[in-house]
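The lines below spell out each chain.
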Amino acid sequence: MKSALPCVLTINGGSSSIRFAVYEAGETPRRRLDGKIDRIGLSGTNFIVNDPTGKPQVLRRFAAADQRTAVGFLLDWIEAQPVFASIKAAGHRVVHGMKHSEPERITPKLLAELHRITPYDPDHMPREIGLIEAFLRRHPKLPQVACFDTAFHRTMPQVAKLLPIPRRYASKGVERYGFHGLSYAYLMEELGRLDPAATKGRVILAHLGNGASLAAVRHGKSIDTSMGFTPTAGLVMSTRTGDLDPGLVYYLARTERMTVAKFQRMVNHESGLLGVSGTSSDLRDLSTSEASDARAAEAVELFCYQVRKWIGSFAAVLSGLDTLVFSAGIGENCPSIRARICHGLDFLGIELNQKGNAKNAPLISTDASPVSVRIIRTNEELMIARSVTRLLSLGTPKEI
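Residues numbered from 1 in each chain as written. Predicted model: local features only at pLDDT ≥ 70, side-chain atom pairs only at ≥ 80, totals over all residues. Heavy atoms only, no water.

Enquirer: Kindly report on the overall build of the protein, identifying the contributing residues and their values.
Expert: A tally of regular secondary structure across the protein gives 14 helices and 13 strands. Taken along its principal axes, the extent of the C-alpha atoms in the protein is 60 × 55 × 45 Å. Across the 400 residues in the protein, those meeting the buried criterion constitute 52%. Residue pairs in contact within the protein that sit at least 24 positions apart in sequence constitute 62% of those at least 6 positions apart. Accessible surface for the protein amounts to roughly 19,000 Å². Of this, 54% is attributable to carbon and sulfur atoms. Placing the 50 positive and 39 negative side-chain charges of the protein at their respective mean positions leaves the two points 4 Å apart. (Helix = DSSP H or I, 4+ residues; strand = E, 2+ residues; numbered from the N terminus. Buried < 20%, exposed > 50% of the residue type's maximum accessible area, 1.4 Å probe, protein only. Contact = heavy atoms within 4.5 Å. Areas by Shrake-Rupley, 256 points an atom, 1.4 Å probe, with all protein chains shown as cover. Lys, Arg positive; Asp, Glu negative; His and termini not counted. Charge placed at Lys NZ, Arg CZ, Asp CG, Glu CD.)

Enquirer: Got a sec to walk through the nonpolar core? Specific residues and values, please.
Expert: The biggest cluster of nonpolar side chains holds 57 residues, and the ones touching the most others in it are Leu114, Leu208, Leu214, Phe303, Leu324, Phe326 and Ile337. Look past the residues within four positions of Leu324 in its chain and what remains in contact with it is Ile204, Ile311, Cys342, Ile350, Val371, Ser372, Val373 and Arg374. Counting residues in each nonpolar core, the second largest holds 28 residues, with Ala89, Tyr184, Leu191 and Leu382 among its members. (Core = buried A, V, L, I, M, F, W, Y, C linked by side-chain atoms within 4.5 Å.)

Enquirer: Would you mind going over the side chain of Ser327 in detail, with residue names and values included?
Expert: With respect to the helices, strands and loops of the structure, Ser327 is situated in strand 12 (residues 323-327). A polar atom in the side chain of Ser327 sits 2.7 Å from the backbone oxygen of Ile376. For Ser327, the residues in contact, after removing those within four places along its chain, are Leu187, Ala206, His207, Leu208, Glu332, Ile376, Arg377 and Thr378. (Polar contact = N/O pair within 3.5 Å; in protein donor to acceptor, adjacent residues only side chain to side chain.)

Enquirer: Describe the packing of aromatic side chains, with residues and values.
Expert: Scanning the model with the defined rule gives eight aromatic pairs in all. One aromatic cluster is present, formed by Phe20, Phe47, Phe73 and Trp77 through successive ring pairs. (Phe/Tyr/Trp six-rings, centres within 6.5 Å; stacked < 30°, edge-to-face > 60°.)

Enquirer: I'd like to hear about the side chain of Glu24, residue by residue, with values.
Expert: Within the secondary structure layout, Glu24 lies in strand 2 (residues 18-24). Side chain to side chain, Glu24 and Arg32 meet in a polar contact 3.4 Å long. Other than its neighbours up to four places away in sequence, Glu24 contacts Leu5, Pro6, Cys7, Pro29, Arg30 and Arg32.

Keep in mind these numbers describe shape, not what the thing actually does.
Written out as structure tokens, the structure is:
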């Protein structure tokens, strides 16, 4: 007689949300439940659990002034679910992993290291550490695993990691790291399932959501990515600037007496599509209003222009292109944005099937297109579950 498969709880903490899921830890993890708490720190915090069809159901609205309150509520709820007895490990998305190239079991030593590297990503790391420590307090014997968003890019060559600043900073860990690695790892596994030969070729992955980046992949390995030392770098995003002239720091300090803290807030939370449009950080809102709002139109065009420019630059890095993958909220669901990004890229061999693109079809390039253009829905939580299952060898039921 075989026992039931153990389960893995996945935790993906954001600036104002916590996404969670429970997966059976089989060879192919199967989702048992998932949901999120959003609007943490804002009025009307929502606790949402998706039903078996994937439709969100708001189970409760409550006040969560901070993440500690939210995670306490989440733990209370999960502990009351029948599936909780089967949870044998928890996996966390950790944005910054420095030199770590694989998921790792969380130990006191690793936790101390995460505290130490918090200055490298002060926007994300404190919240992620807080989630890990909350689980430690409630369930100290539950194995926890850190799944690093930077790990996918550790294969980048040195020339892609170097920052052109005094060499002494390299010894302090100041280099280009890249992010969205869990999403990219998942996309490459899914691409391998759909077209195994494609993973051996020249691939550009476009993770286009509120946070947005691209990665150049050759022979299954990341060789470059648009984000850099922090997730603020690269292309323009919902509220982040992307790449910016560093001279602006001195200019604003001199003309407006802007402090470092205010500059940090501006480039991460007040800029990007929101800053350019002056109205919204949501590309859907801006696309709806661009016909009557010139600033909204400029914000949309800037986003498409920059993604197109990064695709061109990465095609140069790869010495050509075989596969382009769109993913994340914008990449998966916005046909008009994909079409505008790809417009003029026929010289790279990109030819869109307009009908397929309009339907968000899995393959949106024409049959004659030299480059395959795909939409793959990313799933960071499933990638975390796979990583934990593999690391802890949870997938095989034991005889009893």
